[in-house]
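Listed here are the chains, written in short residue letters.
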Amino acid sequence: MATPAIRASALSRRGLFAVAAGTLFTAACGSGDDRANPGPIRRGSEELIIGASLELTGAAAAFGSLQERALRITVDELNEAGVPVGNFRRQIRLVVRDNGSNPKTAAQQVTEMIQRDQVHAILGGTRAEVSMAIVDIAQSEQVPYISLASADDITVPLTKRTFIYKLTPDAFDVARIMAPIIAGLQKRTVALLAQDGLYGDSGMRAVASALETNDLTLVKAERLPGSGSSFTAAARSVVTSAPDALIIWAQAPDAGAAATAVHAAGFRGLKFFAPGAVADDTVSAKNLEAVEDAYVVHPESLAGSSLTDTTRTDLLRREFVNRYVQMYGRFSGFAPYASDAVTLIANAARKARSADRGRIRVYLETQVAEGIAGSYSFAPISHGGMEPDSLGVFTIAQGSWAKFA
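This part covers the packing of aromatic side chains. For the structure shown, the criterion picks out 9 aromatic pairs. Where Phe320 meets Tyr324, the ring centres are 6.3 Å apart and the plane angle is 35°; that geometry is what we call tilted. Residue Phe320 and its partner Tyr324 are both found in helix H9 (residues 312–328); the two are separated by 4 residues, about one turn of the helix. The buried category is assigned to Phe320, whose relative accessible area is 1%. Taking the relative accessible area as the measure of exposure, Tyr324 reaches 0% and is therefore buried. Taking 5.5 Å as the distance between ring centres and 90° as the angle between the ring planes, the aromatic pair formed by Tyr324 and Phe331 counts as edge-to-face.

This is the structure in structure tokens:
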């Protein structure tokens with residue numbers, strides 16, 4: 001079975017040209033770069049060691065467990081042939097730790113991975129606060145880190161984030177897609193419920209800017225209290241402002257709980273979710289009445305795969321989705337981020353012809369790639385996130401995510 005791969009991509013708000021039939025991005029098979037090798041690639045005993053700090057329990061467990069599943073699928077496939085690094089094929093060794101959705105735990109784990117396990121790179125952190133705790137350690141120790149969280153501050157300021165990358169969409173890109181859709185549906189006034197913390201901070205800034213650009217009026221912006229708290233007061237506050245549309249900028253499980261709270265408060269207008277809402281909890285029975293017909297901006301991977309998909313990347317995505325479903329049942333569009341992260345790291349080591357942390361960082365910084373979740377364009381002036389061309393609009397229909405635009 002072909003390795004989930006990432007190929008050269010044309011998606012380019014950063015001014016990059018399309019490569020109509022680009023070289024397949026795959027750490028398992030190598031590419032034109034390997035022609036510079038002085039001899040045949042041989043199997044070696046050395047490993048490419050990748051650390052993963054994931055929220056397998058705690059508030060973000062719904063996301064962390066998805067990432068571990070995707071990670072295992074891709075690593076198993078890459079290890080079938082090994083990753084060509086210089087003249088040797090290395091096996092990837094994963095060091096996976098459950099951070100319990102706790103930033104302090106994540107920081108301790110990552111320190112151990114770097115100092116004891118001697119990892120060559122790190123990925124993980126689906127919650128922004130967890131990722132930020134990892135950022136400080138990874139940057140200080142100069143170990144490449146790919147974040148799976150959604151907060152724009154993770155990779156900025158770039159002068160202090162030289163070893164830090166993220167894969168999730170930037171909030172401004174998401175909001176720029178939301179606002180025209182809301183305007184096109186003849187809605188003029190908008191309220192915003194934003195999650196507590198860094199994820200909500202990014203949403204507040206992005207939504208305010210996008211609404212202004214599209215001549216929409218923000219009539220109320222309210223912050224949700226911490227996860228597990230009652231959202232009733234915040235819900236009533238935004239409903240009282242009588243908006244035509246409501247944006248809920250929160251990750252699951254807060255997203256579904258917020259929608260249910262505003263529904264209970266009497267709101268029956270248009271609801272729009274940020275990408276972090278996409279999880280089984282949001283469309284579960286307890287929230288279903290409140291979220292039906294709501295919209296969400298999310299990477300196109302949420303649509304899974306189709307038999308009509310014909311490009312190389314489409315076929316690879318289909319293979320990944322099929323294997324995921326065979327192993328774990330229902331596919332989630334959030335799942336492939338860890339798959340893309342490990343493949344990006346493996347490809348950087350291949351291109352660098354070395355597992356040296358500094359060289360992996362250098363080759364991460366110049367990758368233009370299309371992955372299972374979407375497309376990425378890293379550069380010295382930008383370390384994330386996903387290219388906006390990878391995003392689509394979905395609606396919730398009978399408890400499932402259906403493509404809208």
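Resuming the write-up.
Ordered in space as E8-E7-E9-E10-E11-E14-E15, the 7 strands form an open sheet in which the pairing is mixed. Every other strand in the sheet has two partners, leaving strand E8 (217–223) and strand E15 (400–403) as the edge strands with one partner each. Averaged over all neighbouring strand pairs, the angle between strand axes comes to 30°, with direction disregarded. On the sheet, helix H7 (residues 254–264) packs against strand E7 (189–194), strand E9 (245–249) and strand E10 (270–273) and is oriented at approximately 165° with respect to E10.

Following Val156, the chain continues into Pro157 via a peptide bond in cis, with omega recorded as 0°. Counting through the fold element by element, Pro157 comes out in the loop between strand E5 (145–147) and strand E6 (164–166). Each neighbour pair has its own omega, and for Ala252 with Pro253 the value is 5°, a cis peptide bond. Residue position: Pro253 is located in the loop between E9 and H7. You will see that Ala242, though not glycine, has its phi angle at about 50°, which is positive. Relative to the elements of secondary structure, Ala242 occurs in the loop between helix H6 (232–240) and E9. Among the residues examined, Ala242 registers a relative accessible area of 55% and is labelled exposed.

Next up on the list: H9. When the terminal C-alpha atoms of H9 are compared, their 24 Å separation across 17 residues agrees well with the 24 Å that a helix rising 1.5 Å per residue should span. Those residues of H9 not exposed but buried are Thr313, Asp314, Leu316, Arg317, Arg318, Phe320, Val321, Arg323 and Tyr324. Residues of H9 that are buried sit in contact with helix H1 (61–81), helix H10 (336–352) and strand E12 (368–370). Looking one or two residues beyond H9, the residue adopting positive phi is Gly329, at roughly 90°.

Reading the values: the criteria
Position numbers for residues count from 1 along each chain, tracking the sequence in the order it is written. Where local features are concerned, this predicted model is filtered to residues with pLDDT of at least 70; where side-chain atom pairs are given and counted, the filter is 80 or more; whole-chain, interface and lining totals use all residues. To get the side-chain values, take all heavy atoms of the structure and skip hydrogens and water. Two aromatic rings, drawn from Phe, Tyr or Trp (for Trp, its six-membered ring), form a pair once their centres lie within 6.5 Å of each other, and the interplanar angle then sorts them: stacked below 30 degrees, edge-to-face above 60, tilted otherwise. Where helices and strands are cited, they refer to DSSP runs of H or I of at least four residues and of E of at least two residues respectively, numbered from the N terminus. We call a residue buried when its accessible area falls under 20% of the maximum for its residue type, exposed when it is over 50%, and partly exposed in between, using a 1.4 Å probe and counting protein chains only. Between any two strands, pairing holds if DSSP finds at least two bridges. Lines fitted to C-alpha atoms define the axes here, with helix axes fitted over just the stretch in contact, and angles between the N-to-C directions of these axes take values from 0 to 180 degrees. A contact between two residues is defined here by any heavy atoms of the two lying within 4.5 Å. The span you would expect from a helix comes to 1.5 Å times its residue count less one.

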